[in-house]
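These are the residues of each chain, in order.
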Amino acid sequence: MASSATVADSPAPPNPDNIQPFFVIHKAFSRKSKKKSPRAGKAKRKIDLSPLVSKNAKKADEESVEECDSMRMEYFGIVWSKIETTIKNVLRDMNINVFSDIHHWVRESFNTIRSSGPPSLTEATCSFPFVKDTTLKKLFTGLVLTKNMEFVDDLLTFEDLGLHLKSHGCHVANLSSLDFLAKNGIGGCLRSLLRQFLMVSLDAADISILASWYREHDKYNNPVVIIIDDMERCCGSILSDFILMLSEWAIKIPVILIMGISTMLDAPSNALTSNALQHLFPCKFILGTPAERMDAVVAAVLVGQPSTFSISHKVAAFMRNYFVSQDGTLTSFVRALKIACVQHFYVEPLSFVLRGFLLQEDCQCLYDAAKYGNIRLLDILCEALNPELYNSRGTDAQAESEKDSGRSPSNGCFMDRQYPSSRKDGFINKVVRIVKDLPRSQLYNLLKSWEERTADIIEIHEDVKELLFTLKSEEHKRQKQRSTSVSKRHISRAQLNMERDSQVTNEKAATLIDRMIRDYMHPLECVPFHEIICFKNVDKLQLALVGDPRRRIQVDLLESHKILQCNCCNRKGSTLLPSMHDTSIMYNLAQEHGDLINLLDWYQSFKSVVLCPGVKRKRKSKQKCKDMNEPQKQSEILNLVYNRARYCRAVTELQITGLLRMPSKRRPDFAQRVAFGL
Amino acid sequence: MDEIDDRDEEEFGFSRNYFLAKELGGSGKKSTNKLSDIGLVDEQELRAAMANSEPKHEKEVSALMESYKSLYPQWVFELRCGFALLMYGFGSKKALLEDFASIALTEYSVIVINGYLQSINIKQVVVAMAEVLWDQLKSSGKTTSASLGKVQQPFSSRSMDDLLSFLNGSRKHENDFDICLVIHNIDGPGLRDSETQQYLAQIASCSHIRIVASVDHVNAPLLWDKKMVHTQFNWYWNHVPTFAPYTVEGVFFPLILSHGSASQSAKTATIILQSLTPNAQSVFKILAEYLLSHPDEEGMPIDSLYSISRERFIVSSQVTLNSHLTEFKDHELVKTRRNSDGQDCLYIPLAIEALAKTISEISQ
């Protein structure tokens, strides 16, 4: 199975597997327990509980572990696929309007192309491009502005767009920048096109194959749509050639191009040649911003549905700040959520048993109001989940203690700067203020949405209804007064009264939302047994999501004794002990050097650390060097080689970790440090 | 405000460290000690001493390895949830990954890539995976007639796209997988180029495959863009320092305290030569063959190089030859010196064995 490639010029390690580029460890054995349903597992366990069980105790244990594993897997599958589908649906729903606009435009463009009538049989089957009229060489191009530098978030969008158009009968191919690489030339994207349309891979890719494919099989009534998701990352010249080619064939293959653009609408003019640009007939479409999508996802997954899995305040804050200041992609946010879910189910496999109890409606009510002030749902959620803020509600005196509440030493960098330190300057309070100042019509809309959301909470629902009623009757009164009153003075006084009234209504609405928050919006972490459904371990999540090898590998080396947990290297202060790991000693020594390390100095200091207890003895032996007999000399030499070997190995290991750059020709005696500080 | 200060402090701390280090290096204290002062040792001798050296903390290291065994079930769970595992932390993780694979992944086929090697043919790996998967599907009776029809063509002659789409076939249980690909040092020299990483990312996103990989380089994350990290590899980072010696991984690094090894300079020369035109390579070969067959002479006279090159239709004029020679000289592949007759002649500043190795490598 393994390849025959060999590795030259080095002493071969004993194990042949080590020098093969690859090898098979084992092939799959029987899959005994994998697809076993939990119920079947349970039955088995019951049988095992018979008196014979003591004999088979170990076996039973193993089986129960297996049972637990498969249950965990099954329930994780259920919960996560639900969350995943929700997210996908939310994103699709967000884009659905743009998608149908695009579809409409595709059809219109197709009709325009077709307006000159389908080409005759000879025209369509001739092997060269056929264009009657130069004006028909235009290529209809949809420019989809993603408003997002991170194209990774839009991969799914363009996939969905493809599916949407396919479901409406279009022939769709999705290309990416990887199909437009300079080294593959135009053949690369053509091959990919043929692969997707004809389901074959051909070495000699030719556009005429596509033309004859289109002619066959009754495909004539539907357009061919080619979607390029990240136009700006494509090789400009290849894309230009591609466009020129498509425009040549425009009549025979009615191609409609859709290109994703993340920065500016004039991006094509920067990337493409003017010749290719002339052939484009662009039309622009705009997708939602990342922040809007984020809010929709948060609303659907963390707030909207009663979930069997939830996250604590700190985890929410971490994820939010990772989104805002680190990665900025919705994809990574969803990934973080999945990792949290995996970790939670590993520890609490039974969390599926409980139905979620959340702050849903209230948070939604808040968000309805927050929309008027451009406040993000994620911010509100973070605050709503904060148990400490909750406990301090009403008394803002504890503000001080809040300041360090969200900060632990390891995740400090992800904790937020503008996070409110007390409720007074918090997002929720801002929302309440927004409600107070809301104009009449908007207040009416807000109350309407509250009415829907609070249908389950009777007392609040009644209050909302009452408020709505007051608002309506005020409006009624106002209209009446407007029609009846004559004198100017009267009008102005009436207006004053009205304003005062509406102020009162706003106040009432604000009081209502305040009450909802106080009475109903309990952070999950204040609910007993919340641990079962609430994932809290933010450090573990961060470790799995971000990794941070640069820092961690250095810490491994600088504090090796902590990881190895040995008794011998418990150093006090900064003294290095000879028993420590060689590479660890070397890296600690390297900290004392500048960006360049003199290799000989480094070696000497390494030697002095390693030989620490025997320094005196060594000096003595140097003095008596002449008197040494042959075996002594021999062992001295051996020692020397041994120390050098250890030094060399440590240098090599530091090189493998990338913490050290090897000496250059210009500076043969100096190695270069790469990392400064953790 | 405190938090802002702390964070800024951290950032400033970082740059301060850097500039302090720069200053330390640039100040008058710079040491002038030379490695050559202590007399270098033979590489073989050093390697032998390394192999015989008594490892420190053997007990603690094996206890550490043992402690990771308790994490195996969790790792399997992570794999089955659709993540790829990325192991990092100081120490060789080769033994750990292989132990994990042979104990916890018995239900799956496991293929190992030794990424620390100098060159790896990723296509061969994909072919091997496809063959294993084919055997597996055949034995479990999961093959469909459609895929049966295709298999008439052997995997080794199929295109990469075909192979990848075979590995990405539909599965009954969406979350599960069939083959686990263990990659030692996914950041290693044989896998480091972006094309290979793109292929690995595509492999990682195949439905039948999961990846367990290790990284050792602190800058390893720079190998991947966000598309690869989030949608293809889907890494789940695991910090598992082992403090095990990098025995096999370190074999390919030159030793600092040994005589300049032939392999390294030969390697540099090969890389440079490979980037030159075939004609330039041929000129170099003529020169090298002459030098190898006349080891006692000072070098090859320029006019004899010209006449031989012309005979073989490699250069058409002295000007062309000179342009090749200039290129060689710029890269320090070729130098000139006078021979005993006072004639200028060319030589290659490489040891005989290094030169032979270089020639054999560019002739491949």
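Residues numbered from 1 in each chain as written. Chains lettered and ligands numbered in written order. Predicted model: local features only at pLDDT ≥ 70, side-chain atom pairs only at ≥ 80, totals over all residues. Heavy atoms only, no water.

- Taking an unreviewed UniProt entry as the reference, chain B is identified by name as Origin recognition complex subunit 2 belonging to Tripterygium wilfordii.
- In the Sequence similarities (unreviewed entry) part of its UniProt record, chain B is described as follows: "Belongs to the ORC2 family."
- As its UniProt record puts it under Subunit (unreviewed entry), chain B is described as follows: "Component of the origin recognition complex (ORC)." (UniProt positions renumbered as here; feature names shortened; annotations may be inferred.)

- In the annotation of an unreviewed UniProt entry, the entry for chain A reads Origin recognition complex subunit 3-like, and the organism field reads Tripterygium wilfordii.
- Taken directly from UniProt, the Subcellular location (unreviewed entry) text for chain A runs: "Nucleus".
- Under the Sequence similarities (unreviewed entry) heading, UniProt states for chain A: "Belongs to the ORC3 family."

Remarks on the sheet that holds strand E6 (residues 300-301) of chain B
- Reading across from one edge, E6-E8-E7 (chain B) is the order of the 3 strands in this open sheet, with antiparallel pairing throughout. If you trace the sheet from one side to the other, it starts and ends with E6 and strand E7 (335-338) of chain B, each paired once. (Pairing = 2+ DSSP bridges. Helix = DSSP H or I, 4+ residues; strand = E, 2+ residues; numbered from the N terminus.)

Describing the nonpolar core
Residue and element names in this part refer to chain A.
- In this structure, Trp-450 and Trp-602 are the most contacted members of the largest nonpolar core, which totals 153 residues.
- With 11 residues, the top contributor of residues to this core is helix H13 (residues 330-347).
- If we skip the residues at most four places from it in the chain, Trp-450 touches Cys-365, Asp-368, Ala-369, Val-464, Ala-509, Leu-512, Ile-513 and Met-516.
- The next biggest cluster of nonpolar side chains, apart from the first, holds 58 residues, and it includes Phe-110, Cys-170, Ile-228 and Leu-280. (Core = buried A, V, L, I, M, F, W, Y, C linked by side-chain atoms within 4.5 Å. Buried < 20%, exposed > 50% of the residue type's maximum accessible area, 1.4 Å probe, protein only. Contact = heavy atoms within 4.5 Å.)

Quick notes on the interface of chain A and chain B
- If you look at the interface, chain A gives 118 residues, while chain B gives 116 residues.
- Carbon and sulfur atoms make up 62% of the area that chain A and chain B hide from each other, which totals about 10400 Å².
- Linking chain A to chain B there are 5 salt bridges.
- The tally of links from chain A across to chain B stands at 34 residue pairs in polar contact (both at pLDDT 80 or more). (Buried area = accessible area lost by both parts, 1.4 Å probe. Salt bridge = Lys/Arg side-chain N within 4 Å of Asp/Glu carboxyl O. Polar contact = N/O pair within 3.5 Å; in protein donor to acceptor, adjacent residues only side chain to side chain.)

Quick look at a negative patch on the surface
- A surface patch of like charges, here negative, comprises Asp296(B), Glu297(B), Glu298(B) and Asp341(B).
- Structurally, Asp341(B) can be placed in the loop between E7 and strand E8 (344-347). (Patch = residues over 30% accessible without salt bridge, like charges linked within 9 Å, V, L, I, M, F, W, Y side chains within 5 Å. Areas by Shrake-Rupley, 256 points an atom, 1.4 Å probe, with all protein chains shown as cover. Lys, Arg positive; Asp, Glu negative; His and termini not counted. Charge placed at Lys NZ, Arg CZ, Asp CG, Glu CD.)

Here we look at the packing of aromatic side chains
Residues and elements named next belong to chain B.
- On inspection of all chains with the given rule, the structure shows 26 aromatic pairs over all chains.
- Taken together, a centroid distance of 5.4 Å and an interplanar angle of 75° make the contact between Phe-83 and Tyr-236 edge-to-face. Here Tyr-236 lies in strand E5 (residues 235-239) and Phe-83 lies in the loop between helix H4 (72-80) and strand E1 (84-88), a separation of 153 residues in the sequence. Grouping residues by exposure puts Phe-83 and Tyr-236 together as buried.
- Both rings, one in Trp-224 and one in Trp-235, keep their centres 5.3 Å apart while their planes meet at 50°; by these two values the pair is tilted. (Phe/Tyr/Trp six-rings, centres within 6.5 Å; stacked < 30°, edge-to-face > 60°.)

What to know about the domain arrangement of chain B
- Here chain B is partitioned into domain 1 (58-138 + 158-239) and domain 2 (262-363).
- A C-alpha centroid distance of 43 Å is found between domain 1 of chain B and domain 2 of chain B. (Domains from an automatic or database assignment.)

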